[in-house]
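The lines below spell out each chain.
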Amino acid sequence: MINPLKALMKLRAKLKNRLRKLSKFFSSSPHFPSFFLPTFANMTTIGEDAPHKATSILKVSGNLMHRFVVILVRTVMRFLFGTKGGAMPPIKDLNLLESATSLARKIRTGKVKSVDVVQSFIDRINEINPVLNCVVDRRFEDALRDAAAADKLIASGEYSQSELERIKPFLGVPITTKDCISVKGMLNTAGIVARRNTRAEEDSEAIQRMRDAGAIPLAITNTSECCMWWESYNNNHGKSCNPYDTNRTVGGSSGGEGCLLSSGGSPFGIGSDIGGSIRMPSFFNGIFGHKPSKFIVSLKGHYPIPKDHNLKSFLGVGPMSRYATDLLPMLKILAGENASKMRLDEPVDLTRVKIFYQTDDGGGHLVTPVDPDIKAAIQKVATHFQSTLKAKVQKVRFDKLRKSAPIWFANMKAKDAPGFDQEITGYTGKISPPVELVRWMLGRSNHTLIGIMTALFENFGVKYGDPKQKHLVQQKEKLFAEMQDLLGDDGVFIYPAHPTPAPYHYEPLVRALNFSYTGVINVLGLPATACPLGLGSEGLPIGLQVVSAVNQDRLSLAVACELERVFGGWVAPEIQA
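If you're wondering where the values come from, they're calculated on a predicted model, not measured in any experiment.

**Thoughts on the overall build of the chain**
In terms of regular secondary structure, the chain is built from 20 helices and 14 strands. Relative to the compact-globule value of 25 Å for 577 residues, the chain shows a C-alpha radius of gyration of 24 Å, a close match. When its C-alpha atoms are laid out on the principal axes, the chain stretches across 105 × 60 × 50 Å. Here the chain, with 577 residues, has 57% of them falling under the buried criterion. Once local pairs closer than 6 in sequence are excluded, the contacts in the chain between residues at least 24 apart make up 77%. Taken as a whole, the chain presents about 23,900 Å² of accessible surface, with 56% of it coming from carbon and sulfur. Positive and negative charge centroids in the chain, built from 71 and 54 side chains respectively, lie 9 Å apart.

Below is the structure:
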């Protein structure tokens, strides 16, 4: 007589053996990178969640199916879009190639006029925006008047050059920001149709501080709807296109800003980041961007702002630029009285900085594997610090990073917080997601598909206060303690900013959880700097993020400057005939 239990166990063993063989086949293929945990030789595993826990058959099957869908969609996108699209106008004006810090120095020393610098960037925006659609509002005439006033102040001799450097370090330099950070008189829609004609009544605190430092607001850039997706597309302004390949996304929600900076349309800008909205656009567009430590830069004048105090700690307003050297002086201004907490003026000896690195998340559920080019780049960085600077370098494994997406979603839940079905209307009402989905299918919705789907699925996840949500909040707290303990006041963590280079437009819909590489850093409240490392095999930017402990921003910024020095930093978008 057959023993049912033995038969079931035998069938289970066969299924596990088949899945092992299947995963071995996928791991040997360049198109199906393995999602299983890598070899743990020569690395340190951190956290009590042991990496040897068996992955459930259901999750393995789901991951395999997800990989199939991702590759199918990529094949379709390649067929529809072709290899590369668009033609990027060449950068001919040398002013466009200067860092903001360099331009400020040349302006206050009289080597160039602010009026000429501002005009150079106006001309560049007019040249590239028909191709890239990254700028959604302009204040060109007012900016030229501000520039003339700056030139007049310099010519008056009222202040010496050293005094100007101290009190107005960016005098006469144009600056841009995204369509959710208020600039007086400019559009402030956050990509929401109900706010289509909304204009800011006053400057955000971040913009006001940059104005006080002499910077001149020039333009507003595109974002995603309600700033909650990693492609900059909305029904107010359409979609922005990547300067390296216009068929690819610029990221979100600071995507228009990243695109404009990369293409030479602005010397520096301000973005915001609650799940990677500075770092992903910086990565996709090959520039530098910094998400500051929690509660360092004021959120006043940002729309929307989370109503929950804990959620506010996840949102960071920070600097973006083609050049790493601009980030620290910008952050010092943006932080105001909080700058002293970060000790930004203290020099950093990189030979004494401990370098910890991890090349992937360890196999996050429904997360795309890390591109080989990105892994190789991280390894090169580790080798540089170990061989050239003789720094202490260690490969580690934070096992909890496998759960980055669930941890982010659970920690984004707050008691009595308004739902996305309200936020997406600009708090003018509340949508019914199923009804809105039908309206979208008929071409009659004011909202993007991803906005509707976000509202639709919001209530299908963990609920605030339920056991699973509490468990994931605890996991976040444990991960925070583990990272803080490891990094201390002299360590940085090098980690992918995103698993792949910029995908095709709309492709993020099937790669939705790839944001988890950046999102988990937000809920931890840690500072992180996105650093470009040249172009990958597809001709698109690749790079990484450098994470440090709370208020140790100067460490990640110093590492960013070293990476720029050694690996070249921003690479001008390829000129196509």
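**Notes on helix α13 (residues 372-387)**
End to end, α13 covers 22 Å across 16 residues, agreeing with the expected 22 Å (1.5 Å per residue, within 8%). For α13, every residue scored as buried is listed here: Ile374, Ala377, Ile378, Val381, Ala382, His384 and Phe385. In an axial view of α13, the angular spread of the buried residues amounts to 160 degrees, which keeps them on one side of the axis. Opposite the packed face of α13, turned more than 90 degrees from it, sit the exposed residues Pro372 and Lys380. Measuring from the backbone nitrogen of Asp373 back to the side-chain oxygen at the start of α13 gives 2.9 Å, which picks out Asp371 as the cap.

**Some details on the side chain of Ser277**
By the element assignment, Ser277 lies in the loop between β7 (268-273) and α9 (279-285). The contacts of Ser277, once residues within four sequence positions are left out, are Lys178, Cys227, Gly252, Ser253, Ser254 and Ser272.

**Re the packing of helix α4 (residues 114-132) against helix α5 (residues 140-156)**
Their axes nearest at 8 Å, the elements α4 and α5 cross at an angle of 160 degrees. If you check the angle between α4 and α5, you find them roughly antiparallel. Considering only the axes of α4 and α5, their crossing is right-handed. Taking contact as the criterion, the partners of Ser114, Val115, Val118, Gln119, Ile122, Ile125 and Asn126 in α4 are, on α5, Phe140, Ala143, Leu144, Ala147, Ala148, Ala150 and Asp151. Residue composition of the contact of α4 with α5, by class: 10 nonpolar, three polar and one charged.

**A look at the pairing of strand β12 (residues 491-495)**
Within β12, five of the five residues are buried, which leaves it mostly tucked inside the rest of the structure. Here β12 shows no split at all, with Gly491, Phe493 and Tyr495 on one side and Val492 and Ile494 on the other all buried. The pairing of strand β10 (residues 354-357) with β12 spans four bridges and is classified as parallel. Bridged to Ile355 within β12 is Val492.

**A short note on the confidence of the model for the chain**
Per-residue confidence for the chain averages 92 on the pLDDT scale, and 90% of its residues sit at or above 70. Here residues 22-42 is a poorly scored stretch, pLDDT under 50, and it has 31 contacts once near neighbours within four places are set aside; other chains count.

Calculation notes
- Residue numbers run consecutively from 1 along every chain, following the written order of its sequence.
- This being a predicted model, a pLDDT of at least 70 is required before a residue's local features are given, and a value of 80 or more before pairs of side-chain atoms are given or counted; all residues contribute to the totals for chains, interfaces and linings.
- The side-chain values count all of the structure's non-hydrogen atoms but skip hydrogen atoms and water molecules.
- Note on conventions: DSSP H or I runs of at least 4 residues are helices, E runs of at least 2 residues are strands, and numbering of each starts at the N terminus.
- With C-alpha atoms as the basis for the radius of gyration, the globule rule is written as 2.2 Å multiplied by the number of residues raised to the power 0.38.
- Each residue is placed in one exposure class: buried if its accessible area under a 1.4 Å probe, protein chains only, is under 20% of its type's maximum, exposed if it is over 50%, and partly exposed if it falls in between.
- Note on contacts: a residue pair is in contact if any heavy atoms of the two residues lie within 4.5 Å.
- All accessible areas in this document rest on Shrake-Rupley with a 1.4 Å probe, and a residue is counted as covered only by the protein chains that are shown.
- Asp and Glu count as negative and Lys and Arg as positive, but His and the ends of the chain are not part of the count.
- Lysine's charge is taken at NZ, arginine's at CZ, aspartate's at CG and glutamate's at CD.
- By definition here, a helix of n residues has an expected span of 1.5 Å times n minus one.
- The arc in question is the one traced by the directions running from the helix axis out to the C-beta atoms.
- Definition of a polar contact: a pair of N or O atoms within 3.5 Å, with one able to donate and the other able to accept a hydrogen when the atoms are protein atoms, and with sequence-neighbouring residues admitted only if both atoms are side-chain atoms.
- Axes here mean lines fitted to C-alpha atoms, for a helix over just the part in contact, with angles spanning 0 to 180 degrees between N-to-C directions.
- Geometric relationships in this document are graded by angle, where less than 35 degrees denotes roughly parallel, more than 145 denotes roughly antiparallel, 65 to 115 denotes roughly perpendicular, and other angles denote oblique.
- We call a crossing left-handed when the near helix sits turned anticlockwise from the far one by less than a right angle, and right-handed when that turn is clockwise.
- Under the scheme applied, nonpolar residues are Ala, Val, Leu, Ile, Met, Phe, Trp, Tyr, Cys and Pro; charged residues are Asp, Glu, Lys and Arg; polar residues are all the others, including Gly.
- Think of it this way: DSSP has to see at least two bridges between two strands before they count as a pair.
- For every residue, the predictor assigns a confidence score, pLDDT, that lies between 0 and 100.

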